[in-house]
2 protein chains.
Amino acid sequence: VTVLPATEVEVSGIRFLARYRLAGSEEEARLLVEQILVEETIEFPRAYLPPGNIEATVVGRLEEFRRLPDGRHEALVSYAWEDAGRELPQLLNVLFGNVSLIPGVRLEDIVLPQPLMGSLPGPRFGREGLRRRTEAYGRPLLATALKPLGLTATALADLARDFVRGGIDIVKDDHGLADQPIARFRERVARVAEAVAEENLRQGRHALYCPNVTAPADEVLVRAELAKELGAGGLLLAPALTGFDFLRLLAADERLQLPVLAHPAFMGAFLTHADSGIAHRLLLGKLMRLIGADAVIYPNLGGRFSFRPEDCREIVRGTEEPLADVPPIFPMPGGGMTLERVPGLVAFYGSDVVLLIGGGLFATGDVRDGVERFRQLALSVSSEATGKE
Amino acid sequence: VTVLPATEVEVSGIRFLARYRLAGSEEEARLLVEQILVEETIEFPRAYLPPGNIEATVVGRLEEFRRLPDGRHEALVSYAWEDAGRELPQLLNVLFGNVSLIPGVRLEDIVLPQPLMGSLPGPRFGREGLRRRTEAYGRPLLATALKPLGLTATALADLARDFVRGGIDIVKDDHGLADQPIARFRERVARVAEAVAEENLRQGRHALYCPNVTAPADEVLVRAELAKELGAGGLLLAPALTGFDFLRLLAADERLQLPVLAHPAFMGAFLTHADSGIAHRLLLGKLMRLIGADAVIYPNLGGRFSFRPEDCREIVRGTEEPLADVPPIFPMPGGGMTLERVPGLVAFYGSDVVLLIGGGLFATGDVRDGVERFRQLALSVSSEATGKE
């Protein structure tokens, strides 16, 4: 009994998969599964559906349900790819839209079929492309950030010069440098890009300067194009601040063709609780990679944040696990790293990593010494680790 | 000892305030505070700052620190408005960017001075404007959603007709209707807008149709303009899926001049844990209001989600508390509401609310009966609640 007309939905039968981890008892977990199947698709009582195939096609389908060793449960759910279409926001909505509001559900992994993979650009450069651009082979790439907020564009450009001279491969803006009255975008990018280009030429280096284009929605592309025009070698974006889809746009842009570093600012709410949010490996690894990041920044274990070794290992896994023809991207651990920790970092990550040290380079009293030590430490350790490349 | 040049930052002295709730012991809370002050601004060791005033101006400042009755602590922090500038993503970054990655910190409230308030449009319509547009005075507004995903545009248009005939004030797309192969945007919006316009004319009603413009970054404004052109009376956006700044853009757009409903999809990670994320009142109330929503949708207490009565009360507070000259907006509780719950909803919210019932309208077997009962229930209860308007 309903006034809704009989409906036959045309779908291809191609489906995508999402794995959810569920808290609570088996009974509670099964209730959560039913919520997922319905909330992420029809948001409508099954009982009131019209005759036809909406339930068989549009509604999520439970493919597997199992108890995990820790007592939690896990559900593998499939959705018609047509539920999401070829749009990232709607894909994220199906995966974790309404369900983000339900405690006890964590999105663990996804498997996307070709129609969805084809709508995500993946990294334009990836590990190999970034190595080629920086001519850095068989060792970790070295990165640092221009900061603190408050320095003039000239002072930042001078810093960038020291960084390039000392052998830094990637000089990025601190993600707190936007276009504030105390940190104007155009002047900063112009001066720093010029300094990096000059110093690259003088020293025979190939450092990339990646300015921060995290900006209002009507400004992200404007700044990215301006950055390119002013000589930037890459871009930095915090996708949770701009919307994830801007990462896709930047990566796919044929006029830009620049590597993109993804920054986790404002993304932490997805990551700070074991029973909710999105798994580290998926969010910071696989998703950032699929959406188009060439390297993903995150707070390393033992820094000022709270990522555990296993979280970092899982992120690395997400950056490099086989994923159709999507190339691996670089993990870029940072967040309070110090020079003393470089040997440990290389031991942990091997050479397929971008090491990001910011303030720690100033610890020796002279930033040029800091950079030099950073380089020596990273290179000596990684040359010992033969067979890694 | 550092190579950084002495730096004097020019700032106005105008500051904005953020109140954070902190988990753990007093000592742990004080460590969290120091992280906040530094992480959200310079991200740089204080000890290595150059001579000058960066520490006094750019770094966050602890204004108050106190123990809460529940044993947690609370810190009131101020920042120079210039740290954020006039850009919403950078404002969110200062308030909760890196700190989102630190467990135990919850952003509770903010106070913005004029330079920041002036950069946020606030609601163009608010409660009063929405009442004027729908000619609905002295009672709750009635809203429902077009769904389920899978219905044809024609079926959705027929549904919309029934809704308007029965007295629904706001007919919105389900936020799961985007531009998928099974739910094309243009055809749906054209047909539904036409149906709503016809039925408004025929019945002397003033219902608004609010299509979902949650879309890829390069499509949000395109769809909003198309929606306007096709006769939409408002817009629906899930800001966490698109980036919050698109809410600002839609609200501020002079060509659009349409009410905007904010939907919480993908926003839940901020809300599901008491010790992290952003307080309900701030995120769903004050922030959505400042950024430009005219009504904010959220899962009501006792529905399919888990908001508690106090969470809902706090959201209402955020929608209406004095806030410079920013008008109050409507709370729009939904999420599994049924007709039986209407009296309780009106008792809880009074008449300054948009009641959102979706699937529940189909429970009587005929959606036209469901709408009629929805209307009678909402009106009879609210006419008893005299003095509310």
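Calculation criteria
Residues numbered from 1 in each chain as written. Chains lettered and ligands numbered in written order. Predicted model: local features only at pLDDT ≥ 70, side-chain atom pairs only at ≥ 80, totals over all residues. Heavy atoms only, no water. Buried < 20%, exposed > 50% of the residue type's maximum accessible area, 1.4 Å probe, protein only. Helix = DSSP H or I, 4+ residues; strand = E, 2+ residues; numbered from the N terminus. Pairing = 2+ DSSP bridges. Phe/Tyr/Trp six-rings, centres within 6.5 Å; stacked < 30°, edge-to-face > 60°. Least-squares fit on C-alpha atoms with pLDDT ≥ 70 in both. Contact = heavy atoms within 4.5 Å. Expected span 1.5 Å × (residues − 1). Axes fitted to C-alpha atoms, helices over the stretch in contact; angles between N-to-C directions. Buried area = accessible area lost by both parts, 1.4 Å probe. Salt bridge = Lys/Arg side-chain N within 4 Å of Asp/Glu carboxyl O. Polar contact = N/O pair within 3.5 Å; in protein donor to acceptor, adjacent residues only side chain to side chain. Nonpolar A, V, L, I, M, F, W, Y, C, P; charged D, E, K, R; others polar.

(A) Here's a closer look at the pairing of strand β1 (residues 15-22) of chain B. All names here are of chain B. Most of β1 sits inside the fold, with six of its eight residues counted as buried. As paired strands, β1 and strand β3 (residues 73-80) are joined by eight bridges and run antiparallel to one another. Across the sheet, residue L17 finds its bridge partner in β3, namely S78. Bridge count for β1 against strand β4 (residues 105-111) is six bridges, and the pairing is antiparallel. Note that in β4 the partner of Y20 across the bridge is L107.

(B) Summary view of the packing of aromatic side chains. Per the stated rule, a full pass over the model turns up 15 aromatic pairs over all chains. A centroid spacing of 6.4 Å and a plane angle of 50° characterise the contact between F96 of chain A and F270 of chain A, whose relative ring orientation is tilted. You can see F96 of chain A sitting in helix α4 (residues 88-96) and its partner F270 of chain A sitting in the loop between β9 (260-262) and β10 (277-278), a full 174 residues away along the chain. On the accessibility criterion, F96 of chain A (1% relative accessible area) is buried. Using a relative accessible area of 5% as the deciding quantity, one classes F270 of chain A as buried. On the basis of an interplanar angle of 35° and a centroid distance of 5.3 Å, the ring pair of F16 of chain B and Y79 of chain B is categorised as tilted. In this pair, F16 of chain B is assigned in strand β1 and Y79 of chain B in strand β3, connecting sequence segments 63 residues apart. Among the residues examined, F16 of chain B registers a relative accessible area of 0% and is labelled buried. Following the ring pairs from residue to residue traces out a cluster consisting of F96, F244 and F270 of chain A together with F266 of chain B.

(C) Main features of the relation of the copies chain A and chain B. Structural alignment of chain A on chain B gives an RMSD of 0.0 Å, achieved by rotating through 180° and translating 0.0 Å along the axis. Taken together, the rotation and translation describe the operation of a two-fold axis. The rotation axis passes nearest to the C-alpha of G243 of chain A in chain A, at a distance of 1.8 Å. Most of the interface of chain A is mirrored in chain B: 100% of its interface residues are interface residues there too.

(D) Just the pairing of β4 of chain B, in detail. Residue and element names in this part refer to chain B. Burial analysis of β4 places six of its seven residues in the buried class, which makes it a mostly covered element. Judged from the two bridges that link them, β4 and strand β10 (residues 277-278) form a sheet pairing that is parallel. When the bridges of β10 are listed, L107 appears paired with I278.

(E) Expanded view of helix α1 (residues 26-39) of chain B. Residue and element names in this part refer to chain B. The end-to-end C-alpha distance of α1, which contains 14 residues, comes to 20 Å, matching closely the 20 Å that a straight helix rising 1.5 Å per residue would cover. Looking at α1, one finds that the buried residues are A29, L32, V33, Q35, I36, L37, V38 and E39. Residues of α1 that are buried in the fold lie against β1, β2 (61-67), β3 and β4.

(F) Representation of the sheet that holds β1 of chain B. Residues and elements named next belong to chain B. Spatially, the five strands line up as an open sheet ordered β2-β3-β1-β4-β10, and their pairing is mixed. Only two strands of the sheet have a single neighbouring strand rather than two, namely β2 and β10. Seen against the sheet, α1 touches β1, β2, β3 and β4 and runs at an angle of roughly 160° to β2. Those strands touched by helix α12 (residues 280-291) are β1, β4 and β10, and its axis lies near 40° from that of β4.

(G) Spatial organisation of the interface of chain A and chain B. At the junction of the two partners, chain A supplies 93 residues and chain B supplies 93 residues. Buried surface at the junction of chain A and chain B, summed over both partners, amounts to about 7,600 Å²; 67% is from carbon and sulfur atoms. Between the two partners, chain A and chain B, sit four salt bridges. A salt bridge links R248 of chain B to D218 of chain A; the shortest N-O distance between them is 3.3 Å. At the junction of chain A with chain B, the criterion picks out 29 residue pairs in polar contact (both at pLDDT 80 or more). Looking at the side of chain A that touches chain B, the elements with two or more residues in it are α1 (26-39), α3 (81-84), α4, α7 (153-166), α10 (239-242), α11 (245-252) and α15 (367-384) of chain A. Looking at the side of chain A that touches chain B residue by residue, the classes come out as 51 nonpolar, 25 polar and 17 charged.

(H) Here's a closer look at the sheet that holds strand β6 (residues 170-173) of chain A. All names here are of chain A. The strand order across the open sheet formed by four strands is β7-β6-β5-β13, and the pairing between neighbours is parallel. What marks the edges here is a single partner per strand, and that holds for β7 (208-210) and β13 (354-356). Averaged over all adjacent pairs, the angle separating strand axes in this sheet is 25°, with direction ignored. Across three bridges, the pairing between strand β5 (residues 141-146) and β13 is parallel. Across the sheet, residue L142 finds its bridge partner in β13, namely L355.

(I) Broad picture of the pattern of salt bridges. Residue and element names in this part refer to chain A. On inspection of all chains with the given rule, the structure shows 76 salt bridges over all chains. The partner of R106 in a salt bridge is E108, with the nearest N and O atoms 3.5 Å apart. By relative accessible area, which is 14% here, E108 ends up buried. What emerges from the salt-bridge pattern is a single network uniting R19, R66, E74, D109, R281, K286 and E321.

(J) The arrangement of unusual backbone geometry in detail. Here K147 of chain A and P148 of chain A are connected by a cis peptide whose omega angle stands at 5°. Along the chain, P148 of chain A falls in the loop between β5 and α7. For A324 of chain A, which is not a glycine, the phi torsion comes out positive at approximately 45°. Mapped onto the fold, A324 of chain A is located in the loop between α13 (309-320) and β12 (330-334). A positive phi angle, near 45°, is found at E43 of chain B, a position not held by glycine. Its location among the elements puts E43 of chain B in the loop between α1 and α2 (54-57).

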